[in-house]
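Examining the three-dimensional arrangement
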Amino acid sequence: MTDQTAPERADAATDPRQALGALRAEIGKAVVGQDPAVTGLVVALLCGGHVLLEGVPGVAKTLLIRALSTALNLETKRIQFTPDLMPGDVTGSLVYDARTAEFSFQPGPVFTNLLLADEINRTPPKTQASLLEAMEEHQVTVDGQPRPLPVPFLVAATQNPLEYEGTYPLPEAQLDRFLLKLILPLPDRDQEFQVLSRHAAGFNPRDLHAAGVRPVAGPAELAAARAEIAKLTVSPEVLAYIVDLCRATRTSPSLSLGVSPRGATALLAASRAWAWLAGRDYVTPDDVKALALPTLRHRVQLRAEAEMEGVTADSVIQAVLAQTPAPR
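Residues numbered from 1 in each chain as written. Predicted model: local features only at pLDDT ≥ 70, side-chain atom pairs only at ≥ 80, totals over all residues. Heavy atoms only, no water.

**Examining the environment of Ala 60**
Inspection of the secondary structure assignment puts Ala 60 in the loop between β1 (51–54) and α5 (61–71). Linking Ala 60 and Asp 89, residues 29 residues apart in sequence, is a C-alpha distance of 25 Å. (Helix = DSSP H or I, 4+ residues; strand = E, 2+ residues; numbered from the N terminus.)

**Considering the side chain of Thr 158**
Mapped onto the elements, Thr 158 comes out in strand β8 (residues 154–159). Within the structure, the side chain of Thr 158 is placed 2.8 Å from the backbone nitrogen of Glu 119, a separation counted as a polar contact. (Polar contact = N/O pair within 3.5 Å; in protein donor to acceptor, adjacent residues only side chain to side chain.)

**A closer look at the packing of aromatic side chains**
The final tally for this structure, using the stated rule, is two aromatic pairs. Ring geometry for Phe 105 versus Phe 111: centroids 5.8 Å apart, planes at 70 degrees, classification edge-to-face. Accessibility assignment for this pair places Phe 105 and Phe 111 in one class, buried. Its end group placed over the ring of Phe 105, Arg 147 keeps NZ or CZ at 4.0 Å from the ring centre. (Phe/Tyr/Trp six-rings, centres within 6.5 Å; stacked < 30°, edge-to-face > 60°. Buried < 20%, exposed > 50% of the residue type's maximum accessible area, 1.4 Å probe, protein only. Lys NZ or Arg CZ within 6 Å of the ring centre and 35° of its normal.)

**So, the layout of surface pockets**
To locate leftover empty space, one rolls a probe as large as a water molecule over the atoms. Its boundaries defined by the atoms lining it, the second largest pocket holds a volume of some 570 Å³. Lining the second largest pocket are 26 residues, with Gly 58, Val 59, Ala 60, Lys 61 and Leu 63 sitting closest to its centre. When residues of the lining of the second largest pocket are traced back to their parent elements, those giving at least two are α5 and α10 (189–200). Each residue belonging to the lining of the second largest pocket can be placed in one class, and the counts come to 13 nonpolar, six polar and seven charged. (1 Å grid on protein atoms, 1.4 Å probe; cavity = no way out; pocket = protein on both sides within 12 Å on 5 of 7 lines; lining within 4 Å. Points joined across faces, edges and corners; volume = space filled by probe spheres on them. Nonpolar A, V, L, I, M, F, W, Y, C, P; charged D, E, K, R; others polar.)

**Section: a nonpolar patch on the surface**
The grouping of Leu 94, Tyr 96 and Phe 103 at the surface amounts to a nonpolar patch, some 330 Å² of accessible area in total. Within the secondary structure, Leu 94 sits in strand β3 (residues 92–97). (Patch = residues over 30% accessible without salt bridge, like charges linked within 9 Å, V, L, I, M, F, W, Y side chains within 5 Å. Areas by Shrake-Rupley, 256 points an atom, 1.4 Å probe, with all protein chains shown as cover. Salt bridge = Lys/Arg side-chain N within 4 Å of Asp/Glu carboxyl O.)

Shown next as C-alpha coordinates:
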(Lines give C-alpha, C1' and ligand atoms only; values in the text may rest on other atoms or scores of the structure.)
Protein backbone atom coordinates (compact mmCIF):
# COMPACT_ATOMS: atom_id res chain seq x y z
CA MET A 1 0.00 0.00 0.00
CA THR A 2 1.41 3.38 -0.98
CA ASP A 3 1.86 6.32 1.35
CA GLN A 4 -0.74 8.20 -0.64
CA THR A 5 -3.38 5.53 -0.08
CA ALA A 6 -2.77 5.06 3.63
CA PRO A 7 -3.97 8.50 4.81
CA GLU A 8 -7.10 8.16 2.66
CA ARG A 9 -7.90 4.81 4.25
CA ALA A 10 -7.27 6.23 7.72
CA ASP A 11 -9.66 9.13 7.11
CA ALA A 12 -12.28 6.87 5.60
CA ALA A 13 -12.14 4.53 8.58
CA THR A 14 -13.77 7.21 10.78
CA ASP A 15 -16.86 7.16 8.56
CA PRO A 16 -17.71 3.73 7.12
CA ARG A 17 -20.65 5.15 5.15
CA GLN A 18 -18.37 7.61 3.38
CA ALA A 19 -15.79 4.90 2.72
CA LEU A 20 -18.30 2.51 1.21
CA GLY A 21 -19.96 5.33 -0.70
CA ALA A 22 -16.63 5.97 -2.43
CA LEU A 23 -16.70 2.48 -3.92
CA ARG A 24 -18.91 3.51 -6.83
CA ALA A 25 -16.47 6.13 -8.07
CA GLU A 26 -13.51 3.82 -7.56
CA ILE A 27 -15.09 0.92 -9.45
CA GLY A 28 -16.15 3.41 -12.15
CA LYS A 29 -12.49 3.76 -13.06
CA ALA A 30 -12.66 0.23 -14.48
CA VAL A 31 -16.35 -0.40 -15.19
CA VAL A 32 -18.58 1.91 -17.21
CA GLY A 33 -22.16 2.13 -15.94
CA GLN A 34 -23.67 -0.76 -13.92
CA ASP A 35 -24.22 1.51 -10.87
CA PRO A 36 -27.21 -0.57 -9.65
CA ALA A 37 -25.03 -3.70 -9.66
CA VAL A 38 -22.30 -1.90 -7.69
CA THR A 39 -24.82 -0.75 -5.10
CA GLY A 40 -26.30 -4.25 -4.91
CA LEU A 41 -22.88 -5.76 -4.24
CA VAL A 42 -22.28 -3.28 -1.42
CA VAL A 43 -25.69 -4.12 0.09
CA ALA A 44 -24.80 -7.82 -0.02
CA LEU A 45 -21.48 -7.21 1.72
CA LEU A 46 -23.23 -5.22 4.43
CA CYS A 47 -25.73 -8.04 4.96
CA GLY A 48 -23.20 -10.86 4.77
CA GLY A 49 -25.11 -12.24 1.79
CA HIS A 50 -24.26 -13.52 -1.67
CA VAL A 51 -25.00 -12.19 -5.14
CA LEU A 52 -26.02 -13.77 -8.43
CA LEU A 53 -25.07 -11.68 -11.46
CA GLU A 54 -26.85 -12.43 -14.71
CA GLY A 55 -26.09 -11.03 -18.14
CA VAL A 56 -24.96 -12.05 -21.58
CA PRO A 57 -21.21 -12.62 -22.05
CA GLY A 58 -19.14 -9.47 -22.30
CA VAL A 59 -21.00 -7.03 -20.03
CA ALA A 60 -18.13 -6.80 -17.47
CA LYS A 61 -19.47 -9.18 -14.82
CA THR A 62 -16.03 -10.56 -14.02
CA LEU A 63 -14.36 -7.16 -14.25
CA LEU A 64 -16.92 -5.73 -11.82
CA ILE A 65 -16.06 -8.32 -9.16
CA ARG A 66 -12.34 -7.87 -9.61
CA ALA A 67 -12.67 -4.09 -9.31
CA LEU A 68 -14.77 -4.50 -6.15
CA SER A 69 -12.18 -6.73 -4.49
CA THR A 70 -9.42 -4.27 -5.35
CA ALA A 71 -11.38 -1.28 -4.01
CA LEU A 72 -12.13 -3.16 -0.78
CA ASN A 73 -8.63 -4.59 -0.35
CA LEU A 74 -10.08 -8.10 -0.02
CA GLU A 75 -8.56 -11.40 -1.08
CA THR A 76 -10.35 -12.81 -4.09
CA LYS A 77 -10.23 -16.08 -5.98
CA ARG A 78 -11.93 -17.15 -9.16
CA ILE A 79 -13.40 -20.48 -10.22
CA GLN A 80 -14.32 -21.05 -13.85
CA PHE A 81 -17.22 -23.47 -13.63
CA THR A 82 -17.19 -26.10 -16.36
CA PRO A 83 -19.13 -29.36 -16.95
CA ASP A 84 -16.22 -31.47 -15.65
CA LEU A 85 -15.55 -29.50 -12.44
CA MET A 86 -15.71 -31.66 -9.30
CA PRO A 87 -16.95 -30.61 -5.83
CA GLY A 88 -13.46 -31.08 -4.37
CA ASP A 89 -12.15 -28.55 -6.89
CA VAL A 90 -14.28 -25.96 -5.09
CA THR A 91 -14.09 -26.87 -1.40
CA GLY A 92 -10.72 -28.62 -1.23
CA SER A 93 -9.94 -32.24 -0.44
CA LEU A 94 -7.73 -34.58 1.55
CA VAL A 95 -4.38 -35.28 -0.13
CA TYR A 96 -2.15 -38.22 0.77
CA ASP A 97 1.38 -37.24 1.78
CA ALA A 98 3.75 -40.12 1.01
CA ARG A 99 6.44 -38.64 3.26
CA THR A 100 4.32 -38.72 6.41
CA ALA A 101 1.97 -41.52 5.30
CA GLU A 102 -0.95 -39.28 6.36
CA PHE A 103 -3.74 -37.37 4.68
CA SER A 104 -3.65 -33.58 4.87
CA PHE A 105 -6.32 -31.09 3.88
CA GLN A 106 -5.61 -28.99 0.80
CA PRO A 107 -7.92 -25.93 0.92
CA GLY A 108 -9.89 -25.15 -2.22
CA PRO A 109 -10.47 -21.70 -3.74
CA VAL A 110 -13.56 -21.23 -1.55
CA PHE A 111 -11.22 -20.21 1.27
CA THR A 112 -11.11 -16.51 0.43
CA ASN A 113 -13.01 -13.28 1.13
CA LEU A 114 -14.59 -12.79 -2.27
CA LEU A 115 -15.19 -15.87 -4.38
CA LEU A 116 -15.98 -15.27 -8.03
CA ALA A 117 -17.94 -18.29 -9.24
CA ASP A 118 -17.79 -17.61 -12.96
CA GLU A 119 -20.58 -19.07 -15.11
CA ILE A 120 -21.89 -21.15 -12.21
CA ASN A 121 -24.73 -22.54 -14.32
CA ARG A 122 -22.30 -24.24 -16.71
CA THR A 123 -21.49 -26.95 -14.14
CA PRO A 124 -23.80 -29.83 -13.12
CA PRO A 125 -25.96 -29.60 -9.97
CA LYS A 126 -23.63 -31.84 -7.92
CA THR A 127 -20.82 -29.32 -8.16
CA GLN A 128 -23.18 -26.37 -7.75
CA ALA A 129 -24.34 -27.93 -4.49
CA SER A 130 -20.78 -28.01 -3.15
CA LEU A 131 -21.20 -24.30 -2.40
CA LEU A 132 -24.38 -24.68 -0.34
CA GLU A 133 -22.74 -25.25 3.04
CA ALA A 134 -20.16 -22.54 2.39
CA MET A 135 -22.87 -20.02 1.49
CA GLU A 136 -25.22 -20.85 4.36
CA GLU A 137 -22.87 -21.78 7.22
CA HIS A 138 -19.67 -19.98 6.15
CA GLN A 139 -17.79 -23.22 6.62
CA VAL A 140 -16.76 -26.34 4.69
CA THR A 141 -16.96 -29.85 6.13
CA VAL A 142 -14.39 -32.32 4.78
CA ASP A 143 -13.98 -35.80 6.27
CA GLY A 144 -16.40 -34.85 9.05
CA GLN A 145 -14.38 -31.84 10.21
CA PRO A 146 -15.89 -28.34 9.79
CA ARG A 147 -13.43 -25.72 8.58
CA PRO A 148 -14.47 -22.05 8.95
CA LEU A 149 -14.15 -19.65 6.03
CA PRO A 150 -12.56 -16.19 6.27
CA VAL A 151 -14.56 -13.14 7.36
CA PRO A 152 -15.98 -11.44 5.38
CA PHE A 153 -16.99 -14.10 2.87
CA LEU A 154 -19.11 -13.46 -0.21
CA VAL A 155 -19.91 -15.60 -3.23
CA ALA A 156 -20.43 -13.55 -6.37
CA ALA A 157 -21.70 -15.99 -8.97
CA THR A 158 -22.10 -15.02 -12.60
CA GLN A 159 -24.38 -16.83 -14.97
CA ASN A 160 -25.47 -16.52 -18.56
CA PRO A 161 -29.19 -16.42 -19.35
CA LEU A 162 -30.67 -19.91 -19.35
CA GLU A 163 -31.61 -19.71 -23.02
CA TYR A 164 -27.93 -20.26 -23.82
CA GLU A 165 -26.91 -23.82 -24.66
CA GLY A 166 -24.91 -25.87 -22.17
CA THR A 167 -26.37 -24.34 -18.99
CA TYR A 168 -27.91 -26.03 -15.95
CA PRO A 169 -30.62 -24.12 -14.04
CA LEU A 170 -29.67 -23.57 -10.40
CA PRO A 171 -31.91 -25.54 -7.98
CA GLU A 172 -34.37 -23.56 -5.87
CA ALA A 173 -32.52 -24.44 -2.65
CA GLN A 174 -29.35 -22.81 -3.94
CA LEU A 175 -31.09 -19.81 -5.51
CA ASP A 176 -32.64 -19.08 -2.12
CA ARG A 177 -29.13 -18.75 -0.62
CA PHE A 178 -28.36 -15.75 -2.82
CA LEU A 179 -29.39 -12.50 -1.16
CA LEU A 180 -29.73 -10.65 -4.46
CA LYS A 181 -30.01 -11.42 -8.15
CA LEU A 182 -28.69 -8.51 -10.18
CA ILE A 183 -29.27 -8.13 -13.91
CA LEU A 184 -26.43 -6.54 -15.89
CA PRO A 185 -27.91 -5.10 -19.10
CA LEU A 186 -26.09 -4.28 -22.29
CA PRO A 187 -24.69 -0.72 -22.22
CA ASP A 188 -26.39 2.07 -24.12
CA ARG A 189 -24.63 3.76 -27.03
CA ASP A 190 -22.87 6.44 -24.94
CA GLN A 191 -21.64 3.90 -22.39
CA GLU A 192 -20.36 1.58 -25.11
CA PHE A 193 -18.55 4.52 -26.69
CA GLN A 194 -16.88 5.20 -23.32
CA VAL A 195 -15.77 1.57 -23.11
CA LEU A 196 -14.15 1.71 -26.53
CA SER A 197 -12.59 5.09 -25.80
CA ARG A 198 -10.91 3.71 -22.69
CA HIS A 199 -9.56 0.71 -24.57
CA ALA A 200 -8.34 2.96 -27.37
CA ALA A 201 -6.48 5.01 -24.73
CA GLY A 202 -4.69 1.90 -23.46
CA PHE A 203 -6.98 0.59 -20.69
CA ASN A 204 -6.05 -2.96 -19.70
CA PRO A 205 -8.83 -4.77 -17.79
CA ARG A 206 -6.25 -7.21 -16.40
CA ASP A 207 -4.26 -4.40 -14.74
CA LEU A 208 -6.63 -2.52 -12.44
CA HIS A 209 -3.81 -0.79 -10.57
CA ALA A 210 -2.71 0.86 -13.79
CA ALA A 211 -6.29 2.06 -14.21
CA GLY A 212 -6.02 3.82 -10.85
CA VAL A 213 -8.30 1.53 -8.82
CA ARG A 214 -7.12 1.60 -5.20
CA PRO A 215 -8.48 0.46 -1.82
CA VAL A 216 -10.95 2.93 -0.31
CA ALA A 217 -12.42 0.62 2.36
CA GLY A 218 -11.79 -2.79 3.88
CA PRO A 219 -12.93 -5.36 6.45
CA ALA A 220 -12.78 -2.83 9.30
CA GLU A 221 -15.19 -0.47 7.55
CA LEU A 222 -17.51 -3.36 6.70
CA ALA A 223 -17.56 -4.53 10.32
CA ALA A 224 -18.25 -0.99 11.58
CA ALA A 225 -21.03 -0.56 9.04
CA ARG A 226 -22.68 -3.85 10.03
CA ALA A 227 -22.64 -2.77 13.66
CA GLU A 228 -24.38 0.49 12.78
CA ILE A 229 -26.96 -1.27 10.57
CA ALA A 230 -27.86 -3.58 13.45
CA LYS A 231 -29.06 -0.51 15.38
CA LEU A 232 -31.50 0.65 12.69
CA THR A 233 -35.14 0.94 13.73
CA VAL A 234 -37.77 -1.04 11.81
CA SER A 235 -41.36 -0.20 12.73
CA PRO A 236 -44.02 -2.93 13.07
CA GLU A 237 -45.84 -1.36 10.10
CA VAL A 238 -42.81 -1.85 7.81
CA LEU A 239 -42.35 -5.41 9.07
CA ALA A 240 -46.00 -6.12 8.30
CA TYR A 241 -45.55 -4.61 4.83
CA ILE A 242 -42.69 -7.01 4.09
CA VAL A 243 -44.79 -9.94 5.32
CA ASP A 244 -47.76 -8.89 3.16
CA LEU A 245 -45.58 -8.55 0.05
CA CYS A 246 -44.07 -12.00 0.46
CA ARG A 247 -47.38 -13.66 1.29
CA ALA A 248 -48.96 -12.06 -1.78
CA THR A 249 -46.47 -13.87 -4.03
CA ARG A 250 -47.64 -17.20 -2.62
CA THR A 251 -51.19 -16.60 -3.85
CA SER A 252 -50.28 -15.11 -7.24
CA PRO A 253 -51.97 -17.07 -10.06
CA SER A 254 -48.85 -16.63 -12.19
CA LEU A 255 -46.53 -18.36 -9.72
CA SER A 256 -46.11 -21.99 -8.74
CA LEU A 257 -43.64 -21.04 -6.00
CA GLY A 258 -43.79 -17.87 -3.92
CA VAL A 259 -41.30 -16.21 -1.59
CA SER A 260 -40.34 -18.23 1.49
CA PRO A 261 -39.86 -16.81 5.01
CA ARG A 262 -36.11 -16.81 4.28
CA GLY A 263 -36.87 -14.46 1.40
CA ALA A 264 -38.79 -12.17 3.76
CA THR A 265 -35.84 -11.97 6.15
CA ALA A 266 -33.55 -11.30 3.18
CA LEU A 267 -35.75 -8.39 2.07
CA LEU A 268 -35.65 -6.99 5.60
CA ALA A 269 -31.85 -7.22 5.75
CA ALA A 270 -31.36 -5.66 2.33
CA SER A 271 -33.79 -2.83 3.14
CA ARG A 272 -31.89 -2.04 6.35
CA ALA A 273 -28.59 -1.85 4.47
CA TRP A 274 -30.16 0.37 1.81
CA ALA A 275 -31.59 2.71 4.45
CA TRP A 276 -28.17 2.96 6.15
CA LEU A 277 -26.47 3.79 2.85
CA ALA A 278 -29.05 6.54 2.39
CA GLY A 279 -28.00 8.06 5.73
CA ARG A 280 -31.06 7.13 7.78
CA ASP A 281 -31.38 5.19 11.04
CA TYR A 282 -34.82 3.78 10.20
CA VAL A 283 -36.37 1.80 7.34
CA THR A 284 -39.16 3.16 5.15
CA PRO A 285 -41.56 1.38 2.76
CA ASP A 286 -39.64 2.99 -0.12
CA ASP A 287 -36.51 1.14 1.04
CA VAL A 288 -38.44 -2.11 0.82
CA LYS A 289 -39.75 -1.25 -2.65
CA ALA A 290 -36.25 -0.36 -3.87
CA LEU A 291 -34.87 -3.78 -2.93
CA ALA A 292 -37.90 -5.94 -3.73
CA LEU A 293 -36.94 -6.85 -7.30
CA PRO A 294 -33.31 -7.87 -6.78
CA THR A 295 -34.14 -9.65 -3.51
CA LEU A 296 -37.21 -11.58 -4.65
CA ARG A 297 -36.94 -12.17 -8.42
CA HIS A 298 -34.94 -15.40 -8.06
CA ARG A 299 -37.06 -16.76 -5.20
CA VAL A 300 -40.26 -17.22 -7.23
CA GLN A 301 -41.11 -19.74 -9.92
CA LEU A 302 -43.45 -19.02 -12.80
CA ARG A 303 -46.20 -21.37 -13.90
CA ALA A 304 -45.58 -22.84 -17.33
CA GLU A 305 -48.70 -21.23 -18.81
CA ALA A 306 -47.73 -17.80 -17.45
CA GLU A 307 -44.23 -18.15 -18.87
CA MET A 308 -45.68 -19.03 -22.28
CA GLU A 309 -47.75 -15.83 -22.13
CA GLY A 310 -44.61 -13.75 -21.64
CA VAL A 311 -45.02 -13.13 -17.91
CA THR A 312 -41.73 -12.56 -16.07
CA ALA A 313 -40.78 -12.79 -12.40
CA ASP A 314 -40.09 -9.06 -12.38
CA SER A 315 -43.55 -8.23 -13.77
CA VAL A 316 -45.23 -10.39 -11.13
CA ILE A 317 -43.29 -8.74 -8.29
CA GLN A 318 -44.05 -5.28 -9.70
CA ALA A 319 -47.74 -6.19 -9.77
CA VAL A 320 -47.56 -7.36 -6.16
CA LEU A 321 -45.90 -4.07 -5.20
CA ALA A 322 -48.65 -2.12 -6.95
CA GLN A 323 -51.44 -4.10 -5.31
CA THR A 324 -50.13 -4.28 -1.74
CA PRO A 325 -50.91 -1.15 0.32
CA ALA A 326 -47.82 0.46 1.80
CA PRO A 327 -47.92 2.03 5.28
CA ARG A 328 -47.71 5.82 5.48
